[in-house]
Amino acid sequence: MSAKQTSTSATQGAVARGGRGFKLRELLSSHGMLSVLLLMVIVLAVTTKGLFLSPDNLINVLRQISINAIIATGMTFVIITGGIDLSVGSIVALAGVVGASIVKLQLGVNVWWLVIAATLVGALIGAVAGLANGFSITRFAVPPFVATLAMMTVARGLSFIYTGGRPVWGLPVEFNALGRGYVLERLIGPVFPVPVLIMAVVMIAAHIVLSKTTFGRYVYAIGGNREAARLAGIDVRRVELSVYMLSGLLSGLAGVMLASRLASGQPNAGVMYELDAIAATVVGGTSLTGGVGRISGTLIGALIIGVIRNGLNLAGVESYTQQVVLGTVILGAVLLDQLRRKLQAKN
Amino acid sequence: MAVETPILEVEGISKAFPGVQALKDVSIAILPGEVHALVGENGAGKSTLIKILAGAIKADTGVIRIRGRQVTIDSPQHAQALGISIIHQELNLVPYLTVAANIYLGREPRRGARGAFIDEKTMHERASALLRELRVELDPGEQVGRLSVARQQIVEIAKALSFNAAVIAMDEPTSALTHAEQERLFGIVRKLKSSGVSVLYISHRMEEIFELADRVTVMRDGQVVGTAPISAVSRADLIRMMVGREVAQDYPRPAPPSREEILRVEGLTRRGVVEDASLTLHKGEILGITGLVGAGRTELARMIFGADPADSGTIYLEGRPVVIRSPSDAIRLGIALLTEDRKRQGLVLGMPVYANVSLATLPSFVRRWFVDEGSEREAAQRYVEELRIKTPSLNQAVGNLSGGNQQKTVLARWLLSRARVLIFDEPTRGIDVGAKMEVYLLMKRLAEEGYGIIMISSELPEVLGMSHRVLVMYKGRIQAELTPQQATAEAVMHYATGGS
């Protein structure tokens, strides 16, 4: 079993490095961003006098990153194929307002059914938008950047049209569970947030799909060499279509979770979320040129961004300065990683 | 005997990379106005030497002298300034700029206050003069991306001349050229030579070396085996020096094929590309297809494989008509294409050997949703052993293997997919001499095991030596079908240039 695990990571290692001794190197390289993360944790632990390390705060960080991490999981698939998805933030908004309007329906059924319906419909809307992205990309050869940019505008517009530009308020409290609830709260109290559970399930499933299935292998192959993949008989268009659909679906799910957290469906929610998702993916070691990347890396990337935000909040840094610091730290982290790889390549 | 001062001299150059001694005490002297051929198998150290001369990497030890003066080459720009220009296999041109703009890229003649503007007119005129010097008809205002590879190469040569290059190193310059284009390139090389420019000419093709070179240096395993005037060595000498052992000169032609038809193509057409192509392939047969570059050979193969659509035509497999709309259709039916450009179309270079081998058959390794990596590796290991693919491990990224072993990795993929018809497009391009014979022997073995093989090749000796029958294509049509007895080099060239 453990031998199998090693060889799986080896596949991705080779995908990532393409060099000799990649097993060790890949391990180190994923640890590379991990060490950046640990460094940040140590610095924050010291500067906040341990406040950062309190269980409450750590769980808070996980809850804060959950939505971005879920979106970034879909983004990771897209970017490994060599694509990009700019529409995720707008899909978050569209799925959020539609989901919110569904839980408000007065159908006389148990409200939990409505929460489930809202989640499913939100995810479905995302999947349909992703399908539209994938369709224009694979059938009409529209560059992913352009196709998803168009969807970004369209989905945003649709959310405003749908709500008439006003947020959807007055949602039943049951709906809060998705974004703000805790697992088995009545039994064990507010310990384990629902959004963290959803994030964990999504990312573990995504990791398995990417590393263990033919679909996952094809995602890497297409990003590594599209033409070679096609000539090996892989249905490249179907894989690409699925990848954009997945990204849309996860964004839709994230959108409903965000509406739940905000206790309202906001047509202007999720603005710039695409950049957070791309940042988490890239900081996590996924290459924008395709063929390389891992879900575990994306989790680390999302954590790094989340930890910076959280640390700055704890330190009482105001939000404009936060943005400057965040951008700088992201750039610095990636530069540091590149430097380390160069040094490693020399030795 | 007068001793000429070499224009470029390297002495005692060594270079080590992690785990490899790429160059060991290499000394070569290039005389003014000579064409100096540099030959050696892949991995012999030619590329490393070129990179050092180009200023891309630094030697660990040794000296470089230009006209007797010791220099250190710091950067590619510095190399150019010193009079060394390199024409790489992959050309370094900006496709959307004009010929003139490419030649003077970064050194554009200026006009206006503080030279704020590019002096297009002067640039155009200077480029024009350079091209005239090379005696080529080429409009300096033409966009480079619209030119053929051969003409782009000429632009690179003109660029080298614009630096007043004393030595131009050409790395496999003819690998993508048609016969006529090669002849023109040879003309230009001779022209350069007569005007005193030295050419360091790297090639795998013996014919060219004997046609062009004054002297030849052979490298093997990072060392110089020897330098000799071309008149003093034979083809067999060179090959022996390169490989370090005797290599059989004869092609291992396989036993006669069976009469059982495996593939038949009737009237396959894609307008303007391939016209009304018909052919029959038998079990155990190697069917050679030759012709000039652009004759439609690769296009025909891609249509049979479903990689490109056909306008009309029918394909029969073992007598039954089949529909092939995509590569996956072809693969399911047992047809495989080994593309001419392995790196771009054959392999996912960053992926390990075993994943490249299983790429076309991955679903067959799925057990309960997941890829069973154990059996996947087992299968790959079987073919690595059977085809003797030299790799440190199954996990090695395939991009790190030599050309011959990459070719075998693609072949392993198709054997694993149980293909019965194998289409080899330029199977030995970019493969060194020793590995070529190995590829031939594999093809022979496969044919004798009953596979049907189509071999597309521009290397005439190879086609004539390996094939049971030879088809010659010209402008998208199959111009002639020749038996081995009829297929002489002259006959093939007659049909390949449009004769009937």
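The rules behind the values
Residues numbered from 1 in each chain as written. Chains lettered and ligands numbered in written order. Predicted model: local features only at pLDDT ≥ 70, side-chain atom pairs only at ≥ 80, totals over all residues. Helix = DSSP H or I, 4+ residues; strand = E, 2+ residues; numbered from the N terminus. Rg over C-alpha atoms; globule rule 2.2 N^0.38 Å. Buried ≥ 20, exposed ≤ 12 C-beta atoms within 10 Å, placed from the backbone. Contact = placed C-beta atoms within 7 Å. Expected span 1.5 Å × (residues − 1). Arc of directions from axis to C-beta. Pairing = 2+ DSSP bridges. Axes fitted to C-alpha atoms, helices over the stretch in contact; angles between N-to-C directions. Nonpolar A, V, L, I, M, F, W, Y, C, P; charged D, E, K, R; others polar. Right-handed = clockwise from strand over helix to strand, strands pointing away.

Asker: Describe the overall build of chain B, with residues and values.
Answerer: The number of helices and strands found in chain B is 17 helices and 24 strands. At 25 Å, chain B has a C-alpha radius of gyration in line with the 23 Å of a compact globule built from 500 residues. Its C-alpha atoms put chain B at 70 × 50 × 50 Å along the principal axes. Residues classed as buried in chain B amount to 47% of the 500 residues present. Considering only intrachain contacts with a sequence separation of at least 6, the fraction spanning at least 24 residues in chain B is 68%.

Asker: Provide a residue-level description of helix α4 (residues 120–133) of chain B, including the pertinent values.
Answerer: Residue and element names in this part refer to chain B. For α4, with 14 residues, the first-to-last C-alpha span of 20 Å sits near the 20 Å given by 1.5 Å per residue. For α4, every residue scored as buried is listed here: Met 123, Ala 127, Leu 130 and Leu 131. The arc that holds every buried residue of α4, seen down its axis, measures 95 degrees, which confines them to one face. The exposed residues of α4 that point more than 90 degrees off its buried face are Lys 121, Ala 129 and Arg 132. On the buried face of α4, the contacting elements are α3 (99–103), β8 (117–118) and α5 (149–162). After α4 finishes, the residue Arg 135 shows a positive phi value of roughly 55 degrees.

Asker: Please set out the sheet that holds strand β1 (residues 8–17) of chain B residue by residue, giving values where relevant.
Answerer: Residue and element names in this part refer to chain B. Overall, antiparallel pairing links the four strands, which are arranged β2-β1-β4-β5 in an open sheet. The open sheet has two edge strands, β2 (20–30) and β5 (69–71), and neither has a second partner. Across the sheet, the mean angle from the axis of one strand to that of its neighbour is 30 degrees, orientation sign disregarded. Inspection of the sheet shows β1 paired to β2 by seven bridges, in the antiparallel sense. Paired with Ile 13 across the bridge in β2 is Val 26. With respect to the sheet, helix α1 (residues 46–53) is in contact with β1 and β2, its orientation differing from that of β2 by roughly 65 degrees.

Asker: Explain the interface of chain B and chain A residue by residue, including any values.
Answerer: Of the residues lining the interface, 31 residues belong to chain B; the matching set on chain A comes to 28 residues. Elements supplying a minimum of two residues to the side of chain B that touches chain A: α10 (327–333), α11 (342–346), β20 (370–371) and α13 (373–386) of chain B. When the residues that make up the side of chain B that touches chain A are grouped by side-chain class, the tally is 19 nonpolar, nine polar and three charged.

Asker: Residue-level account of helix α10 (residues 214–224) of chain A, with values.
Answerer: Of all eleven residues in α10 of chain A, ten are buried; the element is thus mostly enclosed. Where α10 of chain A is concerned, the buried positions are Thr 214, Gly 216, Arg 217, Tyr 218, Val 219, Tyr 220, Ala 221, Ile 222, Gly 223 and Gly 224 of chain A.

Asker: Describe the environment of Ser 75 of chain B, and please don't skip the residues or the numbers.
Answerer: All names here are of chain B. Relative to the assigned elements, Ser 75 resides in the loop between β5 and α2 (76–81). A residue is classified by how many C-beta atoms lie within 10 Å of it, and Ser 75, with 11 of them, is exposed. For the pair Ser 75 and Ser 47, spaced 28 residues apart in sequence, the C-alpha to C-alpha distance is 16 Å.

Asker: Tell me about unusual backbone geometry, residues and numbers included.
Answerer: Of note, the phi angle at Asp 276 of chain B is positive, near 50 degrees, even though the residue is not glycine. Turning to its location among the elements, Asp 276 of chain B is positioned in strand β14 (residues 274–282).

Asker: Please set out the pairing of strand β9 (residues 167–171) of chain B residue by residue, giving values where relevant.
Answerer: Residues and elements named next belong to chain B. The element β9 is extensively covered by neighbouring structure, given that four of its five residues are classed as buried. Pairing between strand β6 (residues 84–87) and β9: four bridges, direction parallel. Each residue of the ladder has a partner; that of Ser 85, found in β9, is Ile 168. Summarising the sheet, β9 and strand β10 (residues 198–202) pair through five bridges and their orientation is parallel. Its bridge partner being in β10, Ile 168 is matched across the sheet by Val 199. For the segment spanning β9, helix α6 (residues 179–194) and β10, crossover handedness is right-handed.

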